[in-house]
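Analysis of the macromolecular model
Here's the letter readout for the chains.
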Amino acid sequence: SQAADRRETVVAAARALARKYHSEDAHIEKVRELAVSIFDQIAPLHGLGAEERVLLEAAALLHDIGAFVSASAHHKHAHYLIRASDVVGLGPDEREIVAQIARYHRRSHPKRSHPPYMTLPRDRRDVVSKLAAILRLADALDREHQSAVARVEAKVTKRGLELAPVAAKGVKGDLALERWAVKRKGSLFEEAFGLPVQVES
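Model, not experiment: these values are computed from the prediction. (Residues numbered from 1 in each chain as written. Predicted model: local features only at pLDDT ≥ 70, side-chain atom pairs only at ≥ 80, totals over all residues. Heavy atoms only, no water.)

With that out of the way, let us pick up the overall build of the protein chain. Counting its secondary structure elements, the protein chain contains 10 helices and three strands. Going from the N terminus to the C terminus, the protein chain shows its helices and strands as α-α-α-α-α-α-α-α-β-β-α-α-β. The globule rule puts the C-alpha radius of gyration for 201 residues at 17 Å, and the 16 Å found for the protein chain is close to it. Each of the three principal axes of the protein chain carries a C-alpha extent, and together these read 40 × 40 × 35 Å. Going through the 201 residues of the protein chain one by one, you find that 51% of them count as buried. Across the protein chain, the fraction of contacts at a sequence separation of at least 24, relative to all contacts at a separation of at least 6, is 67%. For the protein chain, the accessible surface area stands at approximately 9600 Å², while carbon and sulfur atoms represent 51% of it. When the 32 positive and 27 negative side-chain charges of the protein chain are each reduced to one mean point, those points stand 5 Å apart. (Helix = DSSP H or I, 4+ residues; strand = E, 2+ residues; numbered from the N terminus. Rg over C-alpha atoms; globule rule 2.2 N^0.38 Å. Buried < 20%, exposed > 50% of the residue type's maximum accessible area, 1.4 Å probe, protein only. Contact = heavy atoms within 4.5 Å. Areas by Shrake-Rupley, 256 points an atom, 1.4 Å probe, with all protein chains shown as cover. Lys, Arg positive; Asp, Glu negative; His and termini not counted. Charge placed at Lys NZ, Arg CZ, Asp CG, Glu CD.)

See the structure below:
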């Protein structure tokens, strides 16, 4: 289908750009996989579709490219590198959304005082906040870049978003660091969706 072809084009272009900036393959692929998995499992909550799913995949693959410039503030460097790069399959508006999702994968939340964010139409700002919130959780689940989490089960209950990470084979311990990271990174999700994040042990 056209949508499947486009997705393949965008994902291939994002991978090529990530490689150019020496991103860590295993980490970005794991974050992509976990982000898409959470996205799919909570589809009724976010109401977003295949278009936004592709933007999330691209942002997951590109979230660390700013580290090529500098490890500190790498989320900000990622924003301008994505913005300035040609990603086949993405138009300038979509590229801006991907750049902003990557920009907000760590540190500050989207704010009124951030001009690039505020120049987006409201519905696009909503997409950035929701997808950045999902990307943060996926990134937290691979906090050590060790692919310790094989997969994650996500469900929406009265208590909020419940995440149950499943350890990869051969991983010792109880994913305590990953759980801690998810708890720390859950605040943007709560802001975007109005639901707290619970980590199941």
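With 19 residues, helix α1 (residues 2–20) extends 27 Å from end C-alpha to end C-alpha; this agrees with the ideal 27 Å at 1.5 Å per step. For α1, every residue scored as buried is listed here: Val10, Val11, Ala13, Ala14, Leu17 and Ala18. Buried residues of α1 fall within an arc of 165° about the axis and therefore sit on the same side. Away from its buried face, by an angle of more than 90 degrees, α1 presents the exposed residues Glu8 and Lys20. Of the residues one or two after α1, His22 is the one with positive phi, at around 55°. (Expected span 1.5 Å × (residues − 1). Arc of directions from axis to C-beta.)

With eight bridges connecting them, strand β1 (residues 149–157) and strand β2 (residues 160–167) associate as antiparallel partners. In the sheet register, Thr157 faces β2, and the bridge partner there is Gly160. Hairpin connection, β1 to β2: the antiparallel pair is bridged by two residues. (Pairing = 2+ DSSP bridges.)

Now for the nonpolar core. Ranked by internal contacts, the top residues of the largest apolar core, which has 63 residues, are Ile65, Leu163 and Phe189. Per element, the largest residue contribution to this core is 11 residues, and it comes from helix α8 (residues 122–141). In contact with Phe189, other than residues within four places in its own chain, are Ile42, Leu45, Ala133, Ile134, Leu137, Leu161, Gly194, Leu195 and Val197. (Core = buried A, V, L, I, M, F, W, Y, C linked by side-chain atoms within 4.5 Å.)

Here we take up helix α9 (residues 176–185). Because an α-helix packs 3.6 residues into every turn, residues spaced three or four apart end up facing the same way. Listing the buried residues of α9 in full gives Glu178, Arg179, Ala181 and Val182. The arc that holds the buried residues of α9, viewed along the axis, is 160°, so those residues lie on one side. Along α9, the residues that are exposed and aim more than 90 degrees away from the buried face are Lys183 and Arg184. Tucked into the core, α9 has its buried residues touching α8, β1, β2 and β3 (197–199).

Once that is clear, we can look at the packing of aromatic side chains. Scanning all chains against the criterion turns up two aromatic pairs. Relative to Tyr117, the ring of Tyr104 has its centre 5.9 Å away and its plane inclined at 75°; by these criteria the two rings are edge-to-face. Of this pair, Tyr104 sits in the loop between α6 (92–103) and α7 (115–118) while Tyr117 sits in helix α7; the two residues are 13 residues apart in sequence, bridging distant segments of the chain. The burial state of Tyr104 is the same as that of Tyr117; both residues are buried. Between the NZ or CZ atom of Arg125 and the centre of the ring of Tyr117, over which it lies, the distance is 6.0 Å. (Phe/Tyr/Trp six-rings, centres within 6.5 Å; stacked < 30°, edge-to-face > 60°. Lys NZ or Arg CZ within 6 Å of the ring centre and 35° of its normal.)

That's the geometry; what it means functionally is another story.
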